[in-house]
Every structure is written in structure tokens, then in C-alpha cells.
Amino acid sequence: MKQKIIVFLVFFSIFISSLYFGFPRLEKFSGVDEPYWSYDRVPKFWNAIKNMKWEKTHLCDKPGIVIAAISGIGLPFDNEDFNSIKKLQKIRYEKKTLGDIQRIENLYFHLRLPVFLFTLSMLPIFYFLIKKLLGQKIAIFSVIFIGLSPILLGISLIINSDAMLWILAGLSILSFFNFLKDGQKKFLILSGFLLGLSVINKFVANILFVYFFSIFLMEYFLYTYQKTEIDEYLKKSSVNYLILFGVAIVSAFLFFPATWEKIYILFKYTVGHPVFSSTWPIYVGIIAILALDLIIFKAKFSKIIFGFLAKHRKILIKTIAGIFLILIAIVFLHVYAKFNFFNIQEIIASPKGIGTGNLAQKYIGAILADTYSLIFSISPLVLFFLIFSVFFSLRKKNELDRKSITKFYILIFILIFYMGAAVNEVIATVRYQIMVYPLVFVLAAIGVSEFLEIKKIEKYVTSFFAIIAIFAILEGSLFFIKPNFLAYASEILPKNFIVNLKGMGEGSYEATQYLNQLPNAGNMVIWSDKGAVCERFVGKCFVDFKIETFLDNKLDYFIISTDRRSRTVKLSKEPKVINGIETTENVASYVNFEEMYQKKNVEFETIISNNPNNFVKVIKNNNIL
């Protein structure tokens, strides 16, 4: 009864906390990328369903089916129909009335609310799967870390495919781990079902096809080798993998109506997606080699290889744990000792590319940048338990148990994800690696459990006290970062560093509020380095880099932000092309953006993440042009 009361209080406190911090943000926030969903993709999806035009549920390259379906639940509660939403989209950069602004805010509230509530409703599912896998104590701490994460709270408050990805992919992985533990087919089927939903929500989830296949192989030499012969295991695992694969494809087909008319779309967004282009040869090659060995040589070579791996499994686990700790150590040296092996800030400023240099330099730099984004976007307390958990793996001397194996699988996932991103020349910024977070929090929760089992600690610190202390510390982080949760940066990160240099529009709403309160705001003309400002501004707004924009319009204000600095300076210096001929003219000849971003005396400024170097500024055009 005592344990049930504690679990109830934990969930109740998380729900109250989430409502307190999250509910006001549903309406009062202007995000980048969201207009693609709010004005176009979500209404388009439900309009296609309503008119049974299945092909038109093909929304974009994400493909974003689950987020469109969940978010669209709020459409009937909004006063706007399909055509009126389109009209709101057209006036984004034009003059608007206060009534138009209110309509926009109402639309966002109704579209964001289902996503927010869906996220909260999934926390008990996380708890159930983690409890069955690792026990109640780890499940409680995992849910606390997940439920009080500023990053996961922030992503649940916007309309974006990543808002569903971490939930679907995280639950799919945890369900798969439960299948490996108990062999119950229901967990395998659930994992496949969630995998199917994951890939039609965002294509990056295709990495799980490779990951699950790899884990099936690892499970043998880590745990099953003493109970089953390799040939028997490979046959059984092949069937199980085909079940997982088949369920995923069927669920993707059933919930992606466009595939009902054009089946090639299903292939395009699952195993045929370009994200697989660099890994398919290896993936298929390993399957072919195992199949040939099993059929022709009766698994003779597999027995030798897997026997060797089983013999050295502890060394392998410690090696992977060591690699992860080394990555963290190098990042710490970069941040605190100023050992600039790589310019991590520069790397994360341009996530669609991994920089210059030889392949080793580029890949290592990308993986370090990914590690930096992860460890400094979680609470220092969580980071401590994460490092403790991984370090504890190095000291493990007893026979491997499910807890140790799960830690190893999570570390493998992180490294595979980072290497996959690097191979595809993408930097895994905070949002891009959102599916990593729930697993990292499970890993940290294991660390809490192991920490509390130390005899000297156990004597003075109970689990109940740890829950209260951890809850209070994480609540403090939420309080100090509000309302810009996705911009959270660790309290131990120096202020000359920024974690999320590709923000989601933090500070835009506050800048717009300031402008809208100025006299004659409706007749003003402004230029902003991101469209999120324009959406709620009552006057006319420009975001382009055409020279005519700056010369032909009397711009009253410039709105600039740290997370667009690199992009703005770069685009302002690009030469203008006239009739296909490149000229020497560019925007920088008329507007010195580099100087503008350094300007101290401004009309209004919003500081993001309590960091003076992370800002949104409103600057009056006093002879800037």
C-alpha cells in the first residue's frame, strides 16, 4: 500500500507540475516550423480523411502522420474551418488585427493541447514497461526524469513530428527489451506496432530496424549462449525478427492512408528511405552471411564468432562504457579546460552538415557535438547519475544481469544513433536526438538505484527521501527556465556556451508582445531573422534577404536572435544574382548585421536560458540603413 501511494503521488505531482508549467505555454508561444503543421499539414490530413482522399494524407517527407492525427483531434474544438485556416496562413507576414492574432492563438491552443495531453497519458505506459523490465524503483526514477525534463516538456508543447517520435520510439525499444527478458510475444508485437507508427511519424526511426536486428545478435552472446545452440537461436530469432518487421510494416500501412493507393510510398518511408542508403549494404550483407553460414555450414562460423564474443562479453561491455565516458570527458575538457580539439559551437550551428577535414575528423567532431548537446541539455543531477551508471558498468565483476545488459543496449543505441547521424552528415542537435532522451533517463535511473545501494549511502538516504530531493531539484530547473523549456541548458554550463543554437522560436512571442503594444504598431514595418516573430505581429513583416526589402521599405525595427546569427550573417553576404549573373552587391553592403548582433543599447531584449549571450533583441532603425 505504501509503494502504491508513493507511485500515485509521483504521478500526481508530475501531472500538476506539467499542467502548471505547460498549460500557459500552449497559447502564448510562437514557434518556427510549426506553421507548416498548424496551417497546412494537420488540416490537410484531416480534410483528406474527411473527404476520403487517401493520397492527400501524404503530407511531407517526415511523413508526420501520427503528429497530424493526434494534433488534429483539436480541430473540431476550434472555430476555424479548412479554408479559414488557409487564410490565416496567407496573412502571416501581412497586417493583422488583434482579432486575427486571437484566432491564431486559439488555433494553436487547440492543436497543441492534444499533443500535450497525449504525452502525459503515455507516462504510465513508460512506467509499466520499465517496471516490468527493471523493477519499481528504477521505473519511478525514470518517470520522474522523463516527466520533469525541460526538453521533453518543451517538445510536448509544440506541433512537430519530434513531439511524437521520442514517445513512440522509446516505448517500442522498451517493449522490445521486455520481450528479450521474458520472451512474451505480446511485447514483440507491441514493439513492432510502435515501430511502424514511429517510421510513418518521422523517417529517422528507420534506424530501429538495424538496431533491433543488432540487439537480437547481441542477446545471444550476452545472455542466451549458455541455454541455446547458435543455429537454433538464429532460426528462432529470424522468425521473431520477421514478426517484428512484419507487424511494423503492417501497422505503417494501416495508419498511413496514402499507402492504400500507392504502395510504393510505404517502401519509400520505411526500408527504402534514403537514410538507409549508407547502411543497407552492411545490414543486408550481415544477414546474407549469417543465412549462408546457417544453411550451408550449419552455423559453424557463427559458433566460432559468437563463442569468442561470449567469452569476451564483459570486455565488450566495458569498452562501450569506456568509449561513452571518454566522449563525455573530451567534451568536459573542451568546455572547462578550453582544449579546443573541435569547434563544437560552430559544428552545432550548422546541423545539416558535418564540416570540413578528413572523414575521421568530421565524424569524431560530429559525435562529440552530439554528446555535448545531450549532456548539457539534461540536469546536472541527472548527468551525475548517468555518468555513475556507466562508470558502474566498468566496475561490474559479477555475472551479467538484465540491468547490466539493458545499460549496454542503451549505450549501443546512443552510439549507433550518433554514428548513423554522422554518416548521413547530420549533427544530432537537441531536437534531432529527441528519441535518445527517454533511454538516457532510464540509464540515469539505474544509476540512482545503484547509488542508493551503496552501503554508506543506503544507511543515510532512503528511496523516499531521494525521490523528494530529486523532484525538488528538477522542479527548480523547470522554474528557472520557464517558459523556454526547449532552450534549457545545464546550470553548470558556462555562459559563453549555448546548447541549442537552432532554437524553436524562444523569445519570439515576447518580442512580438512588446512591438504590438507600441503606438501605431499596425502601421509599422519590421524585419526579423525568423518568421516566428511575424506570425503574431500586427504590422507588416519581412524575413528575406532581397536588397529591395531593405531599400524600398521604411523598416521601423529589426528583430534579431542568437540562434539565427550565423545564418543571417552568411545570407547577408551572399552576392545578388541578376539575370543569372552574379554581382558584387549584397545585403551586407547596406546593413551591417555583424555589428547589429553585438549592439548593447536596444529597445527590448529577452534573455533565453538565463544566458545573456542567448537573446532576442528588438532594435529601432535609427539610420541603420
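Presented here is an overview of the structure given in this document. (Residues numbered from 1 in each chain as written. Predicted model: local features only at pLDDT ≥ 70, side-chain atom pairs only at ≥ 80, totals over all residues. Heavy atoms only, no water.)

## Details of the overall build of the chain
This is how it is decided: In this description a helix means any DSSP run of H or I spanning at least four residues, a strand means any run of E spanning at least two, and both kinds are numbered starting from the N terminus. When we talk radius of gyration, it's over C-alpha atoms, and the globule rule is simply 2.2 Å times the number of residues to the 0.38. Relative accessibility thresholds used throughout: buried, under 20% of the residue-type maximum; exposed, over 50%; partly exposed, between the two (1.4 Å probe, protein chains only). Per-residue accessibility takes into account occlusion by the displayed protein chains alone, with areas from the Shrake-Rupley method and a 1.4 Å probe. Only four residue types enter the tally: Lys and Arg on the positive side, Asp and Glu on the negative side; His and the chain ends are excluded. In plain terms, the charge of a residue is placed at NZ if it is Lys, CZ if Arg, CG if Asp and CD if Glu.
The helix and strand tally for the chain stands at 28 helices and seven strands. For 625 residues, the compact-globule estimate of 2.2 N^0.38 gives 25 Å, and the chain sits close to it at 26 Å. Here the C-alpha coordinates of the chain stretch approximately 80 × 60 × 55 Å along the principal axes. Put simply, the chain has 625 residues, and 57% of those count as buried. When the accessible surface of the chain is totalled, it reaches about 26,700 Å², and 63% of it is carbon and sulfur. Put simply, the chain has 68 plus and 46 minus side-chain charges, and the middle of one group is 7 Å from the middle of the other.

## Some thoughts on the layout of surface pockets
The condition is simple: Computed over the protein atoms alone on a 1 Å grid, cavities are sets of points where a 1.4 Å probe fits but cannot get out and pockets are open sets with protein on both sides within 12 Å along at least five of seven lines; a residue lines them when it has an atom within 4 Å of a point. Grid points are joined across faces, edges and corners, and a volume is the space filled by probe spheres set on the points. Three residue categories are used. Nonpolar comprises Ala, Val, Leu, Ile, Met, Phe, Trp, Tyr, Cys and Pro, charged comprises Asp, Glu, Lys and Arg, and polar comprises the others, including Gly.
Of the pockets and cavities examined, the second largest pocket occupies roughly 920 Å³. What lines the second largest pocket is a set of 36 residues, and nearest its centre among them are Gln345, Glu346, Ala349, Leu501 and Ser566. Per element, the largest residue contribution to the lining of the second largest pocket is five residues, and it comes from helix α27 (residues 565-572). The residue inventory of the lining of the second largest pocket, partitioned by class, reads 11 nonpolar, 13 polar and 12 charged.

## Considerations on the side chain of Glu450
Just so we agree on the cut-off: N or O atoms closer than or at 3.5 Å make up a polar contact, with two conditions inside protein: a donor-capable atom paired with an acceptor-capable one, and, for residues adjacent in sequence, both atoms drawn from side chains. Residue contacts follow a heavy-atom distance rule, with two residues in contact if any of their heavy atoms lie within 4.5 Å.
Looking at where Glu450 falls in the secondary structure, it is placed in helix α21 (residues 437-452). The class of Glu450 is buried, set by a relative accessible area of 6%. Side chain to side chain, Glu450 and Lys407 meet in a polar contact 3.0 Å long. The residues touching Glu450, leaving out its near neighbours within four places in the chain, are Phe388, Ser389, Phe392, Lys403 and Lys407.

## Points about the sheet that holds strand β2 (residues 540-542)
Pairing between the strands of a sheet comes from backbone hydrogen bonds, and it takes one of two forms, parallel or antiparallel. Rule in force here: Pairing between strands is defined by DSSP: at least two bridges between the two strands are required. Axis definition: a line fitted to C-alpha atoms, limited for helices to the stretch in contact. Angles are taken between N-to-C directions and run from 0 to 180 degrees.
An order of β2-β1-β3-β7-β6 is seen for the five strands of this open sheet, with the pairing classed as mixed. With partners counted over all chains shown, the strands left at the sheet margins are β2 and β6 (604-608), one partner each. Averaged over all pairs of adjacent strands, the angle between strand axes in this sheet comes to 20°, irrespective of strand direction. As paired elements, strand β1 (residues 525-528) and strand β3 (residues 557-561) share three bridges and run parallel to each other. Bridge pairing in β3 places Ser528 opposite Ile559.

## Remarks on the pattern of salt bridges
Note the cut-off: By salt bridge we mean one thing: a side-chain nitrogen of Lys or Arg within 4 Å of a carboxyl oxygen of Asp or Glu.
One pass over the full model with this rule turns up 21 salt bridges. Note that Lys403 and Glu453 form a salt bridge whose closest N and O atoms lie 4.0 Å from each other. Of the two residues, Lys403 is situated in helix α20 (residues 402-423) and Glu453 in the loop between α21 and α22 (455-458); the sequence distance between them amounts to 50 residues. We note a salt bridge from Glu450 to Lys407, for which the minimum N-O separation is 3.0 Å. Pair noted here: Glu450 is in helix α21 and Lys407 is in helix α20, with a separation of 43 residues, a long-range link. We classify Lys407 as buried; its relative accessible area is 2%. Counted as one network, the salt bridges with shared partners bring together Asp33, Asp162, Lys202 and Arg431.

## Observations regarding the side chain of Thr270
Looking at the element boundaries, Thr270 is found in the loop between α13 (264-269) and α14 (280-296). Given the relative accessible area of 1%, Thr270 is considered buried. A polar side-chain atom of Thr270 sits 2.6 Å from the main-chain carbonyl oxygen of Leu266. Beyond its immediate stretch of four places on either side in the chain, Thr270 contacts Val199, Asn206, Ile249 and Phe276.

## Regarding the environment of Lys495
Along the chain, Lys495 falls in the loop between α23 (463-481) and α24 (508-516). According to the relative accessible area criterion, Lys495 is partly exposed, its value standing at 41%. As a C-alpha pair, Lys495 and Tyr418 span 77 residues in sequence and 26 Å in three-dimensional space. Residue contacts for Lys495: discarding those within four places in its chain leaves Ser609, Asn610, Asn611 and Asn613. Within the structure, the side chain of Lys495 is placed 3.1 Å from the backbone oxygen of Asn610, a separation counted as a polar contact.

## Quick look at the packing of helix α6 (residues 136-147) against α23
As a reminder of what qualifies: Our angle categories are set so that under 35 degrees counts as roughly parallel, over 145 as roughly antiparallel, 65 to 115 as roughly perpendicular, and the remainder as oblique.
Running from N to C, α6 and α23 cross one another at 10°; their axes reach a closest spacing of 10 Å. One finds that α6 runs roughly parallel with respect to α23. Judged by residue contacts, Lys137, Ile140, Phe141, Ile144 and Phe145 of α6 engage Ser463, Ala466, Ile467, Ile470, Phe471 and Leu474 from α23. A per-class count over the contact of α6 with α23 returns nine nonpolar, one polar and one charged.

## Side note on the environment of Phe385
Mapped onto the fold, Phe385 is located in helix α19 (residues 380-395). It is 9.1 Å that separates the C-alpha atoms of Phe385 and Glu450, two residues lying 65 residues apart in sequence. Apart from the residues lying within four places of it in its own chain, the contact partners of Phe385 are Phe145, Ala444, Gly447, Val448, Phe451 and Ile470.

## A few points about the state of the cysteines
What counts here: Criterion for a disulfide: a pair of cysteine sulfur atoms within 2.5 Å.
Here the structure, examined in full by the defined rule, presents one disulfide. There is a disulfide in this structure between Cys534 and Cys541, and the S-S distance comes to 1.9 Å. Handedness here is read from the sign of the S-S torsion; for Cys534 and Cys541, about -45°, the answer is left-handed. For the pair shown, Cys534 and Cys541 are each scored as buried.

## Describing the nonpolar core
The line we're drawing: We call a set of buried residues a nonpolar core when its members are Ala, Val, Leu, Ile, Met, Phe, Trp, Tyr or Cys and they connect through side-chain atoms within 4.5 Å of each other.
Counting residues in hydrophobic clusters, the biggest one holds 192 residues, and the most contacted among them are Ile144, Phe145, Leu208, Tyr211, Tyr372 and Tyr409. Excluding its chain neighbours within four sequence positions, the residues that come into contact with Phe145 are Val382, Phe385, Phe441, Ala444, Ala445, Val448, Ile470 and Leu474. Residues Val525, Phe545, Ile547 and Phe593 belong to the second largest nonpolar core, which totals 17 residues.

## Structural notes on α6
Just so we agree on the cut-off: The span you would expect from a helix comes to 1.5 Å times its residue count less one.
Compared with the 16 Å implied by 1.5 Å per residue over 12 residues, the 16 Å span of α6 between its first and last C-alpha is a close match. In terms of burial, α6 is largely enclosed, as 11 of its 12 residues are buried. Residues of α6 that are buried include every one of Gln136, Ile138, Ala139, Ile140, Phe141, Ser142, Val143, Ile144, Phe145, Ile146 and Gly147, and no others.

## Section: the pairing of β1
The two faces of β1 match: Val525 and Trp527 on one face and Ile526 and Ser528 on the other face are all buried. Here three bridges tie β1 to β2, and the two strands are oriented parallel to one another. Of the residues in β2, the one forming a bridge with Ile526 is Cys541.

## Brief notes about unusual backbone geometry
Peptide bonds are mostly trans, and most non-glycine residues show a negative phi. A cis amide bond links Lys62 with the next residue in sequence, Pro63, at an omega value of 5°. Inspection of the secondary structure assignment puts Pro63 in the loop between α2 (34-50) and α3 (65-71). Cis geometry marks the peptide bond from Lys482 to Pro483, where omega comes out at 0°. Phi at Lys338 takes a positive value of approximately 60°, unusual for a residue other than glycine. Along the chain, Lys338 turns up in the loop between α16 (313-336) and α17 (344-349). Its relative accessible area of 63% is what places Lys338 among the exposed residues.

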